[in-house]
Every structure is written in structure tokens, then in C-alpha cells.
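Here is what each chain is made of, one letter per residue.
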Amino acid sequence: MVIAVLDAGFFGADTATLFQSFWAKDQILGVRNFPDHNNQVFNIASGYHGSWVMSVIGGDITDTYSGSAPDADFYLYRTEVADSEYVVEEDYWVVAAEKADSVGADLINSSLGYTTFDDPLENHTYEDLDGNTSVISIGADMAAEKGILVCNSAGNEGANTWHYVSMPSDGDSVFSIGGVDTNGIHVAFSGYGPTFDGRLKPNVVALASGSSVLDPGGAIINLSGTSFSSPLIAGACASLWQAFPSKNNMEIIDAVQRSAHLYLTPNDSMGYGIPNFGLAYEILLSLIHISEPTRLRRISYA
């Protein structure tokens, strides 16, 4: 499985000891720095948020640490400018998603989200959160239409004025991932739904409080944010999808949602809840010989 990580920079991921499995297994297929129009994604100026995120998916240290898809292959795309916030970053994201499609990526993980900007004239409003207004949400849905499974963090605005999920998590084909703590309780910072047009978001949730990540500085550290729940789910989806290569992106998302603990009683903070990927596997296994798509919608799982 091939995963494109759209993020800030990946400082240290090329040299840090904790990241050497990526190179030993030839998992890095390509890189690009879209804001700077070059391939320098590992320099300190690009930032290191992407290094943390990629480790949650592909980190692999024997008997110590395993990401959710430790044998996946990766394209590392810097689209975020960490020290400022302007709407042009949405354009960088869309160009990177187009690039991901051109190189055959199966999934995109994007631990990014956009709401308001350094220039207030560029700010989004809640009315824009309809999946069809922001450039990035339109682009993300187009990527999904091409067959890419787009995982995006729900954002950390839950306790702030914005409150809701951020773009592009409002896309109707974007798998928006919110956050819970180690007790399975929604964390206050995780963005809420619904979208402006009344759709359920986030789709599901995963650990976003005290998440273990590999740090380029040489330690395994704990960080919090939906930036880390999204790659956890993205990698798990990649692992699940590898077992069912004839399924498409939306069928994988549907099975994961059906497996979640709140599937029959979803809400605006946790969506369908915490997925059970063992159950998702069984759901897909039981549907292998079902050819009528409408039957999927009538199947329910306790």
C-alpha cells in the first residue's frame, strides 16, 4: 500500500536513528516541498510535524514501537507553512493531492486543517463548511473520486471559537478522524460536527491524547492532537485494504464506520465512534460475495 503524507516538513526523518527502518526497507518513494518548489522536506526550516505523523503510520522498531502500517510505502509532501497561515496553503494541498494521484497513492493522510487565516479577509465561516466551498475540500473530494482514501484530522478547534471540524474534513467523501483519550472519552479539543449542511462529522475517532510518536530528537514521546488520530486510522485502513484489494476506498470507509462502537447511535463529537478493525475485517469478509450495493445499507451490526 502506498500512502501520501501531506503535512508540514519532515525534519530529521532522513537521518534520525528512530526513522531508519523507513530507509532500510526502501519505503520512501518520493518527496516534494510544494511551498518552496523544491525537494527539501527534511530541513529544519520545513518543520517536523510531518515526521511525528509519518511515524504513527510507519514507525518500526523491533519490540519497541510499531505504527499502524509499518510496511507501507510513502510519498512525503510538504504543503503546510508552519509559521504562517494563508489560504494559499489549500492550493499547495490540492496540487500535492494531484501529485499523489499521479504516482498511484492508495491513501492520503492529512493531519492539517484550515479555518481562519492571518489575513482576516481570507477567513472561512461556518457557512463554508458544506464540503463544496473551500478549495481544499473540493480538492479532497476529487481525490476520493479518483479512488484515493483520504484520511484527515478533524482539527483541534473543539474548545475554541470555531468549534467545528476544519476543512477539508467537511468533504462528503473525506474520512474525518476525531480524537479520544485512553479511556475512549472525547477530548475537548477535537472538532465537532455537524457540517453546515447537516452531515455527520467527524466520521470516527481514535487516540489523540498522549499518542506515542517517534521524535527526530531520538526519543519516543507522547503528544496530543487529532494530528495523531488521523494517521493511526490511515495506517489501519491501509492494512485492512491490503487484505481486500478488490474493494474501493468508500467500501473500506463504510466497513470501518460500521465496525465502530457508536454506529447505531452516532453523535456530533465522536461520529460513529471508535472503530474495531477486527470487526471491519469480518464485515468485509462477509460481503465478498454480495453484489447488490443496496444490501450494504440494510445490514446492521450490534
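All figures in this text were calculated on a predicted structure; none of them were measured in a lab. (Residues numbered from 1 in each chain as written. Predicted model: local features only at pLDDT ≥ 70, side-chain atom pairs only at ≥ 80, totals over all residues. Heavy atoms only, no water.)

Caption draft 1: Structural context of the packing of aromatic side chains. This structure, assessed with the given rule, holds 11 aromatic pairs. Through a chain of ring-to-ring contacts, the aromatic side chains of Phe19, Phe22 and Phe74 assemble into a single cluster. (Phe/Tyr/Trp six-rings, centres within 6.5 Å; stacked < 30°, edge-to-face > 60°.)

Caption draft 2: Broad picture of the packing of helix α5 (residues 226-243) against helix α6 (residues 249-259). Where α5 meets α6, the axes come as close as 10 Å, and the angle between the chain directions of the two elements is 115°. Judged on the interaxial angle alone, α6 and α5 are roughly perpendicular. The hand of the α5/α6 crossing is right-handed. Of α6, the residues touching α5 (which contributes Cys237, Leu240 and Trp241) are Asn249, Ile252 and Val256. Here the contact of α5 with α6 is built from residues that sort into 5 nonpolar, 1 polar and no charged. (Axes fitted to C-alpha atoms, helices over the stretch in contact; angles between N-to-C directions. Helix = DSSP H or I, 4+ residues; strand = E, 2+ residues; numbered from the N terminus. Parallel < 35°, antiparallel > 145°, perpendicular 65-115°, else oblique. Left-handed = near helix turned anticlockwise from the far one by under 90°. Contact = heavy atoms within 4.5 Å. Nonpolar A, V, L, I, M, F, W, Y, C, P; charged D, E, K, R; others polar.)

Caption draft 3: Broad picture of the pairing of strand β7 (residues 149-153). Across the 5 residues of β7, 5 count as buried, placing the element largely inside the fold. Across the two faces of β7 the burial is the same, with Leu149, Cys151 and Ser153 and Val150 and Asn152 all buried. Where strand β6 (residues 107-110) and β7 come together, 4 bridges link them in parallel fashion. By the bridge assignment, Ile108 is partnered in β7 with Val150. You can see the chain leave β6, run along helix α4 (residues 135-145) and come back into β7, and the turn it takes is right-handed. (Buried < 20%, exposed > 50% of the residue type's maximum accessible area, 1.4 Å probe, protein only. Pairing = 2+ DSSP bridges. Right-handed = clockwise from strand over helix to strand, strands pointing away.)

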